[in-house]
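Structure at a glance
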Amino acid sequence: MTPAFPAITFTLNGKRVTVKAHPLKRLLDVLREDFGLTGTKEGCGEGECGACTVVLDGRAVNSCLVPLAQARGARVDTIEGLKGRHPLQKAFAERGGAQCGICTPGMVMAAAALGPNPTLEDVRVGLAGNLCRCTGYIGIYRSIKQANTERRRGASAPASPTARATTLGRGRGPGSARLQPGKSVRGRGSSDPRSAARRKGGSR
Amino acid sequence: MSRHVGRNVARKDGTAKTTGAARYVDDLRWPGMLYGRTVRSTVPSGSIRRIHLDFDTSAFTVVGAADIPGRNAVSLLIDDQPCLADRDVRHVAEPILLLAHEDRDVLMGARVHVDVRPTAPVLDPAASSQVFKHISIARGSIDAGLAAADLVIEGEYRTGHQEHLYIEPNGVLAVPADGGVTIYGSLQCPYYVHKALCTMLNLAASRVRVVQAETGGGFGGKEDYPSMIAGHAALLALKSGRPVKLVYDRAEDMLATTKRHPAVVRHRTGVKKDGRLVAMDISVLMDGGAYCTLSPVVLSRGCLHATGPYRCANVRVDGRVVMTNTPPNGAFRGFGAPQTLFAADVHMERIAEALQMDPVTLRARNAFRPGDVTATGQVLGPDTSAIDVLKATVRRSDFRKKRRAYAGTSRGIGLSLFMHGAGFTGSGEVYLASKASLELTEHGARILVASTEIGQGQRTVHAQIVAEVLGLPIERVEVEAADTAFVPNSGPTVASRTTMVVGGLLKHCAEEMKDKLGRMSPREYVRRHGTLVVTKQYEPPPGLVWDDDTYTGSAYGSFGWGCDVVEVEMDPVTYEVRPTRVTTAQEIGRAIFPLGAMGQIEGGTAQGLGYALLEEVVMRDGAMANAQLTNYIIPTTLDTPPMDVTILEKPYAHGPFGAKGVGEMPIDGVAAAVVNAIRSLGLDVREIPATPERVMAAEQASGDRRKARGGRQPGSARLQPGRSVRSRGPSGPRSAKPRQGGSR
Amino acid sequence: MNTAIASLQLLQPSSLTAALKMLRDDGPLTPLAGGTDIYVGLNFGTLKDRRFIDISPIEAMRGVTVRGDVLRVGALTTYRELIESRVVNRLVPMLVAASREIGAVQIQNRGTLGGNVANGSPAGDTLPVLLAADALVELQSCDWVRKVPLRDYYTGYRRSVLRRDELITAIEIPAVHGSQFFRKVGTRAAQSISKVVIAGVHGAEVRIAFGSVAPTVVRVPKTEAALASGASLTEAQEILQTEIVPIDDVRSTAAYRRRVAANLLEDFWRSTGRGRAGFPQK
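Reading the values: rules and limits
- Residues numbered from 1 in each chain as written.
- Chains lettered and ligands numbered in written order.
- Predicted model: local features only at pLDDT ≥ 70, side-chain atom pairs only at ≥ 80, totals over all residues.
- Heavy atoms only, no water.
- Helix = DSSP H or I, 4+ residues; strand = E, 2+ residues; numbered from the N terminus.
- Contact = heavy atoms within 4.5 Å.
- Areas by Shrake-Rupley, 256 points an atom, 1.4 Å probe, with all protein chains shown as cover.
- Lys, Arg positive; Asp, Glu negative; His and termini not counted.
- Charge placed at Lys NZ, Arg CZ, Asp CG, Glu CD.
- Buried < 20%, exposed > 50% of the residue type's maximum accessible area, 1.4 Å probe, protein only.
- Pairing = 2+ DSSP bridges.
- Axes fitted to C-alpha atoms, helices over the stretch in contact; angles between N-to-C directions.
- Polar contact = N/O pair within 3.5 Å; in protein donor to acceptor, adjacent residues only side chain to side chain.
- pLDDT = per-residue confidence, 0-100.
- Buried area = accessible area lost by both parts, 1.4 Å probe.
- Salt bridge = Lys/Arg side-chain N within 4 Å of Asp/Glu carboxyl O.
- Nonpolar A, V, L, I, M, F, W, Y, C, P; charged D, E, K, R; others polar.
- Core = buried A, V, L, I, M, F, W, Y, C linked by side-chain atoms within 4.5 Å.
- Domains from an automatic or database assignment.
- Phe/Tyr/Trp six-rings, centres within 6.5 Å; stacked < 30°, edge-to-face > 60°.
- Lys NZ or Arg CZ within 6 Å of the ring centre and 35° of its normal.
- 1 Å grid on protein atoms, 1.4 Å probe; cavity = no way out; pocket = protein on both sides within 12 Å on 5 of 7 lines; lining within 4 Å.
- Points joined across faces, edges and corners; volume = space filled by probe spheres on them.

Each helix and strand in chain B was counted, giving 19 helices and 28 strands. Here the C-alpha coordinates of chain B stretch approximately 80 × 70 × 65 Å along the principal axes. Excluding contacts between residues fewer than 6 apart, the proportion of contacts in chain B whose partners are at least 24 apart in sequence is 81%. For chain B, the accessible surface area stands at approximately 24,500 Å², while carbon and sulfur atoms represent 49% of it. A gap of 6 Å separates the mean positions of the 88 positive and 78 negative side-chain charges of chain B.

Structure (structure tokens):
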């Protein structure tokens, strides 16, 4: 007989939800199993790879290390909540930010939590907890840069999901207040979308 | 003017992957599903005396070797690897017993005692007498070459294991069906799994179906291993009559599945004073682990790349891959070439040091040119680009100027030149006899191939090729899932062949389809004539002759060419070597999907940086002792430098739109460039990973040499305390900047 | 996850008083805060504890305040909160530096200072900072509050004076006089466990602490005394070797740790010193 679990209520992707499950069940498993939201992935179970990253009360966390009990009353945002409309999602698909895709949901959530307009150094520090084995991270920087550019142009979607999505983060990436302009490490030619491929010979 | 080929089209699977909609194995569920678990050996060698199940076995499914309906073997090259150990165990983590249960907690809690009488394991490849494969390549006369040399330089170079660390571990879901089984798996080669299961389960081909699920990275680690895990899940599914999901957690995946073969490569090289190579005598020893798996082919490619991209009239390569009582090693991007190319180009650097010659000049003097002949007697074609990539990279990186500027500081810059034969070696492609099919639909066309998307952009590239030929919008070209029920055997997704070979077949399919369509649109044709499927099978390019017995002839249809320049900064407090910039030019025939090709180069380079500096598999008593992500270190954002990538194109006549392969080559040259950068600091490193501990040892050795000789040694005493970059703050790239603020 | 969830129990007190009563009357209970250590053990199946008490909602254990000369950091203060705290940046910048080096963003958002102390790993990155600062650990039970100097807190490898019925409620850091120094040598630039970690204060007194070179975090009093009394750096480095006992493990070697510790000592000494302003910016 399964014991009766207490009901735990929280806000999931903007909606109030209630679930009855063991209070120590990992938030990762609650999302995947109790809510069928399989976008958030398990890559290691030790808080190293970041594939399980969700945004909890505006902060990126490893959901494989969060007990359900501590989500009570909190705001939890997962990749599904972006509904495909976040500028990062389009940019990752277009600029090589996603290859095999397994790290992508966690990476997008961690990037979203950096807030708008992170510098390259903010991005490198802010994503240091998200491992990618496919891209060498360069395609990810290109994608984030494109998303920033589009957001600045106001080119992306109208409605609240995007607006909510862009305020997912606390607005200030770690280290961003400390940087002195000109001191950050910038990749010459690597984060510039136009440097995607310089080819010689052959036709274009 | 191309519509699709050579353009950065939207990735076929971009939306699914960026929204979380893409379904990987662990996202799949089946009604009535059980979870599987593997009980494994904890000793490297021994005989099984007794297995005791210390739990209530009702509601459990238990499978042992005796339950295997067909052959107890994971069929690959030779069938020496058992699916489940029967009497003997030959490596730690060898699978012995399988369990399944509905409840994961109950499954995990089941206690199984396996009583093994241990026997003495062979753990040192140099001490092993069991040779899986021996390869000899010979050209000219080594003795004559050495006799003619002005200088003979010898060296030994070592590379360790490397773990693939795909972010999605191995996993499969097996569903029993109609007296057979369907496998949904994270895999690269559905037909490899299909063949292995037919043998193991004694099932007709029509009763086994293998479907690739979305796969979160492969890098070769899901080339052969899935046959093992799929076999296990299938056995449990058939015995229980229920679907079984078997997914490894990270620790199990690292402990039990394949890794890159460690290698010891020795060079003895004769050179003239002007740098010309006159004799290359090379021996290669690789550690295959406990069973054969793909070791003969890994050794083959390693030996065929052992000279590096350099011409020499007198070459001898003697290679062996041997058994040790460790988990079997297998395919990993580069497949033997990263090991031997590392040795080749660090050895070239040492030759340059010995001759006091500029490293670029030495390489330029010896690099292959069109018309040159390789060690196997292959005449290289007009698309031979060693000099082109060397020049481009040296120029873009400002190599010579930086080399001079960095001298005497803690910054180093190093170079490597490399090549990679695309497609299967020798007669491999003929043996595979791959097929591709293209089906006309009302909207456009559907691609039917066994090639798998593993992140590299297969779906996109194949769709681009077909859309280009048929003149269709790319959205109208569908790519069917790699499902053995529907697609022909296009061969495995390995060996950098997916664009060049399978894409080439698809191009032929599309050309024939276009002919048949004439002026009709797909819709018109289908409505008038019904369905149309065009299938093409591989035919070797004319004149490609290879002899497996003598190891002579044309080993590969074409080669890709690359050059890496890596800049590093060494921290004299911690001996950490941080890569600060990579410049590379790679010639790949044609970049069908430029962003995809970039991604392969950037990603492969990052993986190479890990191989060179960070990734060490610590083996203790035949087992990986650091099987956690905390302790097996791959590069994070902060460990990966900016990269300047140039793609050159010299079309290969027999590749679709001129394309060669690009998936593996980028990892081939990085380690040598990194180590050569470290060498430019005066540190004699010849082994990777060049961890801070090894760099410290080299620094101590160079200090000892300096003391012994009573003074500064050219090339050795580069480090001067006080001149080196110090960071007061945290270690790592962020801190290695000149100090700001405060007074000093 | 390799631990059967069904076998675990969680108690959820709403106040410090309630929590302490549970510890006294319903133990043994393992306190659970950010979960960044506990859940790794549960995921691996290596943590044998089965009964937990969720202390994360306890407000009395939060907050960073200055009382006179003392910086009081609630045990539940996360690394993120330390990094963003103006007062911590001003008074103990080496604690901020350490917080930035722990894991990466996700871990920093959840891990707590109290957790780092409670976990008691010899590689805990904040521990050398706290030890060099002569911090005190505030422990509370139903019946008392006591403050134990961190130097007396650990009794052996992952062992401490913490009683089963006590909670770490705060860390108190007295004013730090002098230049502060922190450096972690990890396995890579982020998300790494330290191979050697040093924190130091160079003022009228010299205080130096190391992690990952002994079963617990350690001060090196003889080395401190040598430097303070004007010994040469080389002499101090030799003395240092007698005060640390690093080992070989899967991450590094004793030889490396010894040499790098000596180098770090030099780095500390040359980077700080009389007249040199505070702690350098990140």
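Still more to cover.
On to helix H18 (residues 670-679) of chain B. Burial analysis of H18 of chain B places 10 of its 10 residues in the buried class, the great majority of the element. Among the residues making up H18 of chain B, those that are buried are Val 670, Ala 671, Ala 672, Ala 673, Val 674, Val 675, Asn 676, Ala 677, Ile 678 and Arg 679 of chain B.

The strands making up a sheet associate through hydrogen bonds between their backbones, and the pairing can be parallel or antiparallel. Residue and element names in this part refer to chain C. Pairing in this open sheet of 3 strands is parallel, and the strands run E1-E3-E2 from one edge to the other. Sheet topology places strand E1 (9-11) and strand E2 (30-32) at the edges, where each strand pairs with a single neighbour. When the angles between neighbouring strand axes are averaged without regard to direction, this sheet yields 35°. Here 3 bridges tie E1 to strand E3 (residues 51-54), and the two strands are oriented parallel to one another.

Another point: the side chain of Thr 77 of chain C. All names here are of chain C. For Thr 77, the location among the structural elements is in the loop between strand E5 (70-74) and helix H3 (79-84). Polar side-chain contacts of Thr 77 include one of 2.6 Å to the backbone oxygen of Gly 74. With residues near it in sequence (within four places) discarded, Thr 77 still touches Met 61, Gly 63, Val 64, Leu 82, Gly 111, Thr 112 and Leu 113.

Next up on the list: the confidence of the model for chain B. Mean pLDDT over chain B: 94, with 95% of residues reaching 70 or higher. With a pTM of 0.93, the predicted complex shows an ipTM of 0.95.

In this section: the interface of chain A and chain C. Taken together, the contacts link 34 residues of chain A with 35 residues of chain C. Taking both sides of the interface into account, the surface hidden between chain A and chain C amounts to around 2,900 Å²; carbon and sulfur atoms contribute 53%. The tally of links from chain A across to chain C stands at 2 salt bridges. In this structure, Glu 48 of chain A and Arg 188 of chain C form a salt bridge, with 2.9 Å as the shortest nitrogen-oxygen distance. The greatest single-element share of the side of chain A that touches chain C, amounting to 4 residues, is contributed by strand E4 (residues 59-62) of chain A. When the residues that make up the side of chain A that touches chain C are grouped by side-chain class, the tally is 15 nonpolar, 11 polar and 8 charged.

Turning our eyes to something else, we now look at the nonpolar core. Most often, soluble globular proteins keep nonpolar side chains buried together rather than apart. Counting 131 residues, the largest nonpolar core has Ile 678 of chain B together with Ile 208 and Phe 210 of chain C as the members making the most contacts within it. Setting aside its immediate chain neighbours within four residues, Ile 678 of chain B contacts Val 577, Leu 613, Leu 683, Val 685, Ala 690 and Val 695 of chain B. In terms of nonpolar packing, the next biggest core, distinct from the first, is built from 71 residues, Leu 29, Leu 95, Ile 171 and Val 201 of chain C among them.

Residues and elements named next belong to chain B. Each assigned domain of chain B is listed with its residue range as follows: domain 1 (14-22 + 428-537), domain 2 (32-121 + 165-256) and domain 3 (131-163 + 259-426 + 552-688). A C-alpha centroid distance of 32 Å is found between domain 1 and domain 2. Of the roughly 1,500 Å² buried where domain 1 meets domain 2, counting both sides, 54% is carbon and sulfur surface. For the interface between domain 1 and domain 2, the tally reads 3 salt bridges. With a shortest N-O distance of 3.6 Å, Glu 214 and Lys 17 are connected by a salt bridge. Counting every contact that joins domain 1 to domain 2 gives 9 residue pairs in polar contact (both at pLDDT 80 or more).

The step from Ile 688 of chain B to Pro 689 of chain B runs through a cis peptide bond, and the omega angle for that step is 5°. Tracing the backbone shows Pro 689 of chain B in the loop between strand E28 (687-688) and helix H19 (692-709). Cis geometry marks the peptide bond from Gly 27 of chain C to Pro 28 of chain C; its omega dihedral reads 0°. Residue position: Pro 28 of chain C is located in the loop between helix H1 (16-25) and E2. The phi dihedral of Tyr 575 of chain B falls on the positive side, at around 65°, and the residue is not glycine. By the secondary structure assignment, Tyr 575 of chain B is in the loop between strand E23 (558-570) and strand E24 (577-587). According to the relative accessible area criterion, Tyr 575 of chain B is buried, its value standing at 2%.

Take the packing of aromatic side chains next. All names here are of chain B. Taken as a whole, this structure holds 12 aromatic pairs over all chains when the rule is applied. Positioned above the aromatic ring of Tyr 35, the side-chain terminus of Arg 104 is 4.5 Å from the ring centre. Note that Arg 260 overlies the ring of Phe 332, its terminal NZ or CZ placed 4.2 Å from the centroid.

Right, let's talk about the sheet that holds strand E11 (residues 208-212) of chain B for a bit. Residue and element names in this part refer to chain B. Spatially, E3-E5-E1-E12-E9-E10-E11 is the arrangement adopted by the 7 strands of the open sheet, whose pairing is mixed. Here the strands that pair on one side only, and so sit at the sheet edges, are strand E3 (61-63) and E11. The sheet shows a mean angle of 20° between the axes of neighbouring strands, taken without regard to direction. Each of strand E10 (180-185) and E11 touches helix H4 (residues 190-201); the most contacted strand, E11, lies at about 150° to it.

All names here are of chain A. When pLDDT is averaged along chain A, the result is 81; 74% of the residues meet or exceed 70. Contacts from residues 157-167, a stretch scored under 50 in pLDDT, to residues over four places away or in other chains number 15 contacts. Contacts from residues 169-204, a stretch scored under 50 in pLDDT, to residues over four places away or in other chains number 92 contacts.

Residue and element names in this part refer to chain B. Counting across every chain of the model gives 16 cavities of 30 Å³ or more. Of the pockets and cavities examined, the largest cavity occupies roughly 580 Å³. Taken together, 41 residues make up the lining of the largest cavity; nearest its centre are Gln 456, Ser 496, Gln 600, Gly 663 and Glu 664. Only helix H13 (458-470), helix H14 (498-517) and helix H16 (594-614) provide two or more residues apiece to the lining of the largest cavity. Here the lining of the largest cavity is composed, by residue class, of 17 nonpolar, 18 polar and 6 charged.

All names here are of chain B. When you tally the buried positions in E23, you get 13 out of 13 residues, the bulk of the element. Taken together, the 12 bridges between strand E16 (residues 411-422) and E23 define a ladder with antiparallel strand orientation. Directly across from Leu 415, in E23, lies its bridge partner Val 565. Counted between consecutive antiparallel strands, the loop separating E23 from E24 contains 6 residues, among which Tyr 575 sits at a positive phi close to 65°.

In this complex, chain A contributes 59 residues to the contact, which on the side of chain B involves 68 residues. Between chain A and chain B lies a buried interface of about 5,400 Å² when both sides are counted; carbon and sulfur atoms form 51% of it. Linking chain A with chain B are 6 salt bridges, by the criterion used here. The tally of links between chain A and chain B comes to 26 residue pairs in polar contact (both at pLDDT 80 or more). Counting residues per element, the ones that place at least two in the side of chain A that touches chain B are helix H1 (27-34), helix H2 (87-94), helix H3 (104-112), helix H4 (120-126), helix H5 (138-153) and strand E6 (198-200) of chain A. In terms of residue class, the side of chain A that touches chain B is made up of 20 nonpolar, 19 polar and 20 charged.

Residue and element names in this part refer to chain B. Summed over all chains, the structure comprises 82 salt bridges over all chains. A salt bridge links Glu 168 to Lys 222; the nearest nitrogen and oxygen atoms lie 3.3 Å apart. Placement of the pair is Glu 168 in the loop between strand E8 (151-159) and strand E9 (171-177) and Lys 222 in the loop between E11 and helix H5 (225-240), with a sequence separation of 54 residues. Looking at Glu 168, the relative accessible area reads 7%, which means it is buried. Given the relative accessible area of 0%, Lys 222 is considered buried.

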